[in-house]
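Next come the chains, spelled out residue by residue.
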Amino acid sequence: MLDPDFVLDAAARDRLLDRFGAEAGPWCDALPRVVDECCQRWDLELDEALSGGTSRVFIGRRRGRGGVVLKLTPDRTVADTEALALHAWAGTPQVVDLLDADPETGALLLEKVEPGAKLSDQPGLPSFEEIARLLASLRVTGRDPLDQLPTVAERVEFLFALIGRRRSHPRVTELVPPDLVARGHRLARDLAADAAAELVHGGPGLVHGGPGLVHGDLGLPNVLDGGPGRGLVAIDPRPCRGDRTVDAIDWAVGRTTSLAGLRERIERLGALVPDLNGDRLEQWCQATAVINVVQTCYRRPPDKTTRFLLQLAASVPG
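What you see is a predicted model; the values in this text were computed from it and never measured.

Draft legend 1. Structural view of the pattern of salt bridges. Per the counting criterion, the structure on display carries 18 salt bridges. The salt bridge involving K71 is made with D236; its shortest N-O contact spans 2.6 Å. Pair noted here: K71 is in strand β3 (residues 67-72) and D236 is in the loop between β8 (232-234) and β9 (240-243), with a separation of 165 residues, a long-range link. In this structure D236 comes out as partly exposed when scored by relative accessible area, which is 24%. D194 is the partner of R280 in a salt bridge, and the nearest nitrogen-oxygen pair spans 3.4 Å. With R280 in helix α11 (residues 278-299) and D194 in helix α8 (residues 178-201), the pair connects residues that are 86 residues apart, well separated along the chain. A single network of salt bridges, built from pairs that share partners, joins D43, E45, D47, R61 and R63.

Draft legend 2. Geometry of a positive patch on the surface. On the surface, R15, K118, R299 and R300 cluster together to form a positively charged patch. Along the chain, the position of R299 falls in helix α11. Residue R299 is classed as partly exposed on the basis of its relative accessible area, which comes to 46%.

Draft legend 3. Quick look at the sheet that holds strand β5 (residues 107-111). Here we have five strands laid out as an open sheet, ordered β1-β2-β3-β5-β4, and antiparallel in their pairing. Strands at the two margins of the open sheet, each flanked by one partner only, are β1 (44-51) and β4 (98-102). Direction aside, neighbouring strands of the sheet carry axes that sit 25° apart on average. Pairing of β3 with β5, which is carried by four bridges, proceeds in the antiparallel orientation. Among the inter-strand pairings, K71 is bridged to a residue of β5, identified as L108.

Scoring rules and cut-offs
- Residues numbered from 1 in each chain as written.
- Predicted model: local features only at pLDDT ≥ 70, side-chain atom pairs only at ≥ 80, totals over all residues.
- Heavy atoms only, no water.
- Salt bridge = Lys/Arg side-chain N within 4 Å of Asp/Glu carboxyl O.
- Helix = DSSP H or I, 4+ residues; strand = E, 2+ residues; numbered from the N terminus.
- Buried < 20%, exposed > 50% of the residue type's maximum accessible area, 1.4 Å probe, protein only.
- Patch = residues over 30% accessible without salt bridge, like charges linked within 9 Å, V, L, I, M, F, W, Y side chains within 5 Å.
- Areas by Shrake-Rupley, 256 points an atom, 1.4 Å probe, with all protein chains shown as cover.
- Lys, Arg positive; Asp, Glu negative; His and termini not counted.
- Charge placed at Lys NZ, Arg CZ, Asp CG, Glu CD.
- Pairing = 2+ DSSP bridges.
- Axes fitted to C-alpha atoms, helices over the stretch in contact; angles between N-to-C directions.

See below:
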């Protein structure tokens, strides 16, 4: 049996309970046994344990074979939808490979991307060409499991509900008035509703390239360096169906500190990614800016990018 503190230390347990509530307690208690069963099932040796926002992740290898990542989450829906999306993106070099899954426990066995450094740990950003290749690669057709995934509209509601629970933190209360959240929420709902109408009525998709499979959480921490031959590799999708513009949001606002810088990035991306509408992307950046502000201030003091995003959120019409 693995060391329980290695499987889930106190800080990692607290993070999962903060995210999922006390209902995740029994799952946390059972995790050492479940991980041990996964190791026996897939012949794994685990070297490192990491915590994500919704999961516990283990880095290791299959004996006599390559490196792997074992991922488990208290929320089976998270695991099920991630598996669906990774199956749809199978064979896409810019997305991590799903090697196997256990539907009973929600365990996912993933390839270990090499060299695998997170872009959030790098001082700069990749080239616009690399970003565009990543965004374009996610626009698969034919295998999209759209009818089995939540909509972008539902994802919007989830995110605003999440920050609603975190708005009582003193740093958040000081910077973010309720009106700012309400205006962003309204705009995000309107944008998501446009794509939802296309999903129902089969619109031509001239405004934003049509609705489709969306990664849903394509920020810097969820993109790895796959080396010179592979490029950027997306991990940890929170997949949904709807306006694919949302996957470009973090690439427009990440580490941006001015409106001029934001618009320059949007223009560059719009020239490289098929059907990416710059005006719509800027609206999405406005609508979700308050989400980024609350999520950041909940964990740490605001930086220059956070303060710019606060101004961007304030620019949403009342």
